[in-house]
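# Structural overview
This is what each chain is made of:
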Amino acid sequence: MSSTVSTASRSGRPPRPARELRRAGVAPHAWILRKLTSMRVALMLLLVLGLLTLVGTLLSQAPAAVRGNPAAYAEWLEAVRPKYGGWTEVLDILGLFSVFSSVWFKGTLLLLSASLITCSLRRSAGLWRTATRPRMVMTEAFFERAPQRAKITSEKDPAVALAALRSAFRKNYFRVSVKRDGERVHVCADRFRWAPFGRIFIHLSFVLILVGALITATSGFRDESVAVPVGSRVNVGHGTGLAVEAKSFADSYYPSGPPRSYESRLVLYKGGVPVKTQDDRVNHPVRYDGITFYQSFFGPAVVMQARTATGRVLFNQGVALLYVSQNEKDRVGRFLLPQQGLSVFVVSPASGEVDPRIPVGDTQLEVYRSGSNTPVGIQTLSPGKPASIGGVGFTFVREREFTGLIVAQDPGSTIVWIGSALLVLGLFMVFLFPHRRVRAVICPGPGGSEVAVAAIERHHAGFAAQFERLAADLRRSVGPGPATKKGGRADA
Amino acid sequence: MLSLSQYCVFAGMIAVVLALVCYVLAFASDRIFQARVMVAADTVGAKITAVQDGEVARGVAVFGTLTSWLAFGFLSAALALRWGATGHGPFANMYEFSVAFAWGALSVNAYFLRRYRQWTIGVIVLPVALGMLLYSTTVPSTATPLVPALQNNLLLTVHVATAVIAYGAFAVGFAAALLYLVQSGGGRRLLPKRELLDDLSYRATLIGFPFLTLTIVLGAIWADIAWGRYWSWDPKESASLVTWIVCLAYLHARSARGWRGQRAALLLTLVFAAALFTYFGNLFFGGLHSYG
Ligand code: HEM
């Protein structure tokens, strides 16, 4: 960074008018604007953000599902009380058990965004001016005092020397602009002059990412427990009009034991019409129309049939045994027969467990009337043998597996990706391709011309060497003629 | 091939130790020489020029530098062999990642050696690399097959490779910052000038920060693909964000508020501490990143 505009802002001092405003007592909005564009405030905000994130890393955080439910939250608090003792209440009141959704966190992000936007807007005009309309005429003092400088004496006349200088700069990937001022020719050479705009990209990209995250948090949906028994079709809901059917599920393992793959074959239906068939694997989700289906978990299921006394089929589907019973011996699933007002629990011994009440290979049905806690009937069913409970004939058809999916729609993620790309691009622009500005002036000299070259870059030790190389190149090209002085600090 | 890879790690470890010994000898010989010069000057009034006295030290240091290149070569070979044997980037468990961390530190160190020719930074970076290598001997080195969540060769490789470069850069930045702080009582012989150290630590951070950003972004992309959510406030994610934010604060303090020297160096040691915390974090806070 060698531009005049940014050098001024580098010192971190507020521009003088602002200081006078403060003395005069300013309107609140001006005060706010000044604070928002103040680096000190921005730094504080960043540190607060860092601290809050650290707190969120170190303290247990209540899961999202628990936070929405007061009873579950109270239970969760009791669970962490042994860890935090008397601090539990304090931490709870301060919202530190859900740091990332607390007002502190959101407020800091909001202020930071405001600060970023005002800063970027304020700075972009200056950057544009620096890039497109550099000050062309530099004083003699500049060429005498700049930290990097070189003098070249050439036997060429000024016009030829300029052409040579130009081509040498070009060879080093500098863009050259020229202004004639009487006998003197002023040259401004830039490399990567657009790179400083990377800073604007960086700052705005961060706001973009926050906006994306906000959209993620407030729109779309995420259903983490979509269990689809193999052979059955389940509605996705959430206004998507989609249904998903699992054709198959397979889990495989390495000989040494760890899982190797989980894979389901899914068919998606829209309005009853199949629209997509694809294998769903971890790391290879199925996407359709902005909705993504992630392979997430799996478990046992049973295919159940229910008929009325007249033989009309009420239900004929797989039931995922999603839950584990209290004694942890059984897996439990549930389905509803809305017309009958019945709620049916299906209980099967978990794999490897023995429940003395349920013979191996059988399954137990507990049928409740909705809203009641006393069962209408409990019966153990063997495969293929119908039984009647509460006037409905139930058949345990066979065992199956279910595949568990996360189904999500996240319109914010696209914006987050655009922001991230912009952020990375900006960073590499700014750090790896820093803007370099080198100035030169050509004057007619006794035996041809005198060329002075200079640059300001105080903060990069490597630049001095770069400048030396460039100056040597320029000297080779603009010569011949004895170099009267060596460049750089050597003659300082 | 796996055992060959392990031999290479071992050879690398020995090379790191040798390089370190050379560097320490360089410092020591310089000390002794200086002491002798002083004694000589006291007793006989002998005059020995300053040019001569650094020479022994520098000669020994050149050996150290060559050996640290050798260590870099061995670790590169070890990682390449392991990659060949397992078929995925050598970044899938704590063992592989520790060796990779040491490799990252050595590679950024090598880059700085070439670019700025300041071997003294190695006095700090080499012990860091050695620490990671020693740590790698305490964890199982068997090649574990990839569980489904890790089965994304491209992202596994790039996400962790960028992390390794970032951490290596932070280790180098930390080394320069530490040497800066050590000298706060005034210049020490053999060590680079404080301004240069200040600048070197900044240069290292300018590499580390974009790479850390890339690591986090790639991690988010991967999380979106594998877990169905780009950010879950998983402890490892949060910890990497802390590192990122402290680093960001450093960059702003430096470029916009002109922080240099002592305060900047202290912030950089904090950045490295945060990076280590992120690295070892999953050992004590579990979470989605705990792949053992
Ligand atoms: C309140 C918020 C912020 C303010 C007021 C602010 C302001 C600034 C200023 C004045 C500079 C110096 C520009 C220069 O030297 O020309 C800068 C540089 C930078 N900012 Fe920010 N910034 C803020 C937040 C952020 C955030 C959140 C990020 C990350 C995405 C970020 C990333 C950077 C980077 C990477 C640089 C370049 C640093 C360097 O040149 O060494 N800033 N910022």
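Residues numbered from 1 in each chain as written. Chains lettered and ligands numbered in written order. Predicted model: local features only at pLDDT ≥ 70, side-chain atom pairs only at ≥ 80, totals over all residues. Heavy atoms only, no water.

When helices and strands are tallied, chain B shows 8 helices and 0 strands. Going residue by residue from the N terminus, the α and β elements of chain B occur as α-α-α-α-α-α-α-α. Relative to its full complement of 292 residues, chain B shows a buried share of 59%. Long-range contacts, defined as pairs at least 24 residues apart, comprise 82% of the intrachain contacts of chain B with a sequence gap of at least 6. Roughly 11700 Å² of accessible area belongs to chain B as shown, and the carbon and sulfur atoms make up 69% of that amount. (Helix = DSSP H or I, 4+ residues; strand = E, 2+ residues; numbered from the N terminus. Buried < 20%, exposed > 50% of the residue type's maximum accessible area, 1.4 Å probe, protein only. Contact = heavy atoms within 4.5 Å. Areas by Shrake-Rupley, 256 points an atom, 1.4 Å probe, with all protein chains shown as cover.)

This part is about the overall build of chain A. Looking only at helices and strands, chain A features 13 helices and 20 strands. The C-alpha radius of gyration of chain A comes to 36 Å, more than 25% above the 23 Å expected for a compact globule of 492 residues. The C-alpha extent of chain A, read off along each of the three principal axes, is 115 × 55 × 45 Å. Each of the 492 residues in chain A was classed as buried or not, and the buried ones make up 45%. For chain A, the share of sequence-separated contacts (at least 6 apart) that also reach a separation of at least 24 residues comes to 58%. Of the roughly 25200 Å² that chain A leaves accessible, carbon and sulfur atoms contribute 59%. (Rg over C-alpha atoms; globule rule 2.2 N^0.38 Å.)

Our next topic: the interface of chain A and chain B. Contact residues are listed per partner, giving 52 residues for chain A and 50 residues for chain B. Carbon and sulfur atoms supply 67% of the area that chain A and chain B bury against each other, a total of about 4200 Å² over both sides. Counting the surface chain A buries against chain B, the share from its top three residues, Asn283, Trp417 and Phe431 of chain A, is 16%. Where chain A touches chain B, the interface holds 0 salt bridges. (Buried area = accessible area lost by both parts, 1.4 Å probe. Salt bridge = Lys/Arg side-chain N within 4 Å of Asp/Glu carboxyl O.)

This paragraph deals with the site of the ligand. Taken together, 21 residues surround the ligand, and among them Ser115, Arg123, Arg199 and His203 of chain A together with His252 of chain B come closest. Flanking the ligand are residues from chains A and B. With respect to the ligand, the side chain of His252 of chain B contributes an N or O atom lying 2.6 Å from a nitrogen atom. Those elements that provide at least two residues to the shell around the ligand are α4 (39-58), α8 (103-132), α11 (197-218) and α12 (412-432) of chain A together with α7 (235-255) of chain B. No other element matches α8 of chain A, which puts 5 residues into the shell around the ligand. Here the residues of the shell around the ligand are counted per class, giving 15 nonpolar, 4 polar and 2 charged. (Near = heavy atom within 4 Å. Polar contact = N/O pair within 3.5 Å; in protein donor to acceptor, adjacent residues only side chain to side chain. Nonpolar A, V, L, I, M, F, W, Y, C, P; charged D, E, K, R; others polar.)

The next subject is the sheet that holds strand β5 (residues 233-235) of chain A. Residue and element names in this part refer to chain A. As summarised here, the arrangement of the 4 strands in space is β5-β6-β7-β8, forming an open sheet in which the pairing is antiparallel. The two strands at the open ends of the sheet, each matched to only one other strand, are β5 and β8 (273-281). In this sheet, adjacent strand axes meet at a mean angle of 25° when their direction is disregarded. As defined by bridge partners, β5 adjoins strand β6 (residues 242-253) across 3 bridges and the pair is classed as antiparallel. Residue pairing for β6: Val234 is matched across the bridge by Val244. (Pairing = 2+ DSSP bridges. Axes fitted to C-alpha atoms, helices over the stretch in contact; angles between N-to-C directions.)

Our focus in this paragraph is the nonpolar core. Ranked by size, the top nonpolar core spans 146 residues in total, and within it Phe170 and Trp244 of chain B carry the most contacts. No other element matches helix α5 (residues 153-182) of chain B, which puts 18 residues into this core. Both domain 1 (17-123) and domain 3 (221-409) of chain A contribute no fewer than three residues apiece to this core. (Core = buried A, V, L, I, M, F, W, Y, C linked by side-chain atoms within 4.5 Å. Domains from an automatic or database assignment.)

This paragraph deals with the environment of Cys22 of chain B. Here Cys22 of chain B is to be found in helix α1 (residues 2-43). Exposure remark for Cys22 of chain B: the relative accessible area of 15% places this residue in the buried category.

Here helix α4 (residues 122-138) of chain B contains 17 residues, and its C-alpha end-to-end distance of 24 Å stays within 8% of the 24 Å for a straight helix at 1.5 Å per residue. By the burial criterion, the buried members of α4 of chain B are Gly122, Ile124, Val125, Leu126, Val128, Ala129, Leu130, Met132, Leu133, Tyr135 and Ser136 of chain B. (Expected span 1.5 Å × (residues − 1).)

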